[in-house]
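Here is how the chains run, residue by residue.
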Amino acid sequence: MNPMQELSDNVAVPFEQARAMPPSVYTSTEFLEQELDKVFRQDWLCAGRSSSLPNPGDYTTMEIAGEPIMVLRDRDGSLRAQSNVCRHRMSTLLEGRGTVKSIVCPYHAWTYNLDGSLRGAPAMMHNTAFCKSEISLPTIRCEDWKGWIMVTLNLDAAPVGEGLAEVDALIGHYGMENYVESFCETHRWNTNWKVLAENFMESYHLPVCHAGTIGGTVDLEKMTCPEGRPAFNYHWILKDNTMPLTLAHPNNTHLVGEDRNKTYLLSIYPALLITLTPGYFWYLSLQPDGPDHVNILFGGGLAPEFRDDPESATHFKALKTLLDEVNNEDRGCTEKVYRGLCANSAEPGLLSHLERPNFDFARYLNAKIQGEG
């Protein structure tokens, strides 16, 4: 049986009888090719926070299913995504993050304006077919959704806000678009991208995997895992007062009642994972790098009230220290899971009610792979 059929059979049961996804779904190169073609080349993916590119010429780079892409702030203030491949001899153009006045190819110095139009090309005057005005970098679809830079290769994909309209009703009052990014890093772990995504989606592991950090601040009996939506799943945790940053700042007047200590964990399919608290946020944006590795964009920052607090530097230091420790704990757990998945004895076990988001994620993947989503 191929892994696509194994996944289809896996999600054909009611949630009350659900099991984890089959090992082949994580370890098979054949399944990964299906994901790249039917998921990553079709859906919206996150390139980070729009606030990280405040000025003209600020840029970031990413790859989607092997396609190099740059996202930058144009001179008119708009976000622009375009191919990161030179139209001459096809070198990649920009690396990482930074600021440029123009885009200069590192191979032959063909130079492009921020809008992708070709500004100049040395020593091309003797090629009679060369016409500078006809050459530009291909545009990639890009949207700013609630402060997130969203990019897709799919010309026919519905606008981001259509699929995620219910997110507004759920957490719109938190004002996620106003949270300010304080750090952004890249990592590469030795695990499958879905193992890390699923790890984020369930808080069942928190008391054990994160016993040294945040595990003691949660109560399994107080976790709520509703049925997911077609484009995302979520759950929430009520936090105690052990960590002030997880609670609403005293100057926060728009959150009331339980919302002042409620943390939401949002999984925007396929690969944007957001922890949103009244005081801070952090996120992972994932890209598969073979079945056995995942490239991670890891960032986070503070709610406006904490950012504006005179003690904001202290708050940020405490937050970053905590998140680094949590991230290291997750790396250890998820890399162990991938090693286990590769074992001949690996068999998917039954899911807890606290792993409802994992089952919803499996159903989303199956629908995409089967061409139903």
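Residues numbered from 1 in each chain as written. Predicted model: local features only at pLDDT ≥ 70, side-chain atom pairs only at ≥ 80, totals over all residues. Heavy atoms only, no water.

### What to know about the nonpolar core
Quick reminder of the rule: By nonpolar core we mean a set of buried residues, namely Ala, Val, Leu, Ile, Met, Phe, Trp, Tyr and Cys, connected to one another through side-chain atoms within 4.5 Å. The buried label applies to any residue whose accessible area, calculated with a 1.4 Å probe on protein chains only, is under 20% of its type's maximum; exposed applies above 50%, and partly exposed to all values in between. In this analysis, two residues are considered to be in contact whenever any of their non-hydrogen atoms come within 4.5 Å of each other.
If you look at the biggest cluster of nonpolar residues, it comprises 67 residues, and the most contacted ones within it are Val71, Val151, Leu286 and Phe361. Leaving out residues up to four positions away in the same chain, Val71 has contacts with Ala47, Leu53, Asp58, Tyr59, Thr60, Leu79, Arg80, Ala81, Cys142, Ile149 and Val151. By size, the runner-up hydrophobic cluster in this structure holds 28 residues, among which are Cys46, Val167, Trp236 and Leu266.

### Comments concerning the sheet that holds strand β2 (residues 58-64)
Which entries qualify depends on this criterion: For two strands to pair, DSSP has to find at least two bridges joining them. Runs of E in the DSSP output that reach at least two residues are strands. Runs of H or I that reach at least four are helices, and both are numbered from the N terminus. Whenever a helix is involved, its axis is fitted only over the stretch in contact; in every case the axis is a line through C-alpha atoms, and angles between N-to-C directions fall within 0 to 180 degrees.
Judged by pairing direction, the sheet is antiparallel, and its seven strands sit side by side in the order β1-β10-β9-β4-β3-β2-β5 without closing on themselves. The two strands at the open ends of the sheet, each matched to only one other strand, are β1 (45-49) and β5 (97-99). With direction set aside, neighbouring strand axes in the sheet form an average angle of 30 degrees. Here β2 pairs with strand β3 (residues 67-73) via six bridges, running antiparallel. Across the sheet, the residue bridging to Tyr59 is Leu72, located in β3.

### Quick look at the environment of His173
This is how the line gets drawn: Between N or O atoms, a polar contact is any pair within 3.5 Å; within protein, one atom must be a potential hydrogen donor and the other a potential acceptor, and residues adjacent in sequence are included only when both atoms are from side chains.
With respect to the secondary-structure elements, His173 resides in the loop between α5 (165-171) and β11 (180-189). It is 7.3 Å that separates the C-alpha atoms of His173 and His254, two residues lying 81 residues apart in sequence. Separated by 2.9 Å, the side chains of His173 and Asp259 make a polar contact.

### A word on the sheet that holds strand β6 (residues 103-104)
Taken in spatial order, the three strands make up an open sheet running β6-β7-β8, and their pairing is antiparallel. This sheet does not close on itself; its edge strands, each paired only once, are β6 and β8 (118-120). Of the strand pairs in this sheet, β6 and strand β7 (residues 111-112) are connected by two bridges, and their pairing is antiparallel. If you follow Ile103 over to β7, its bridge partner there is Tyr112.

Functional significance is not addressed by these values, which are geometric in nature.
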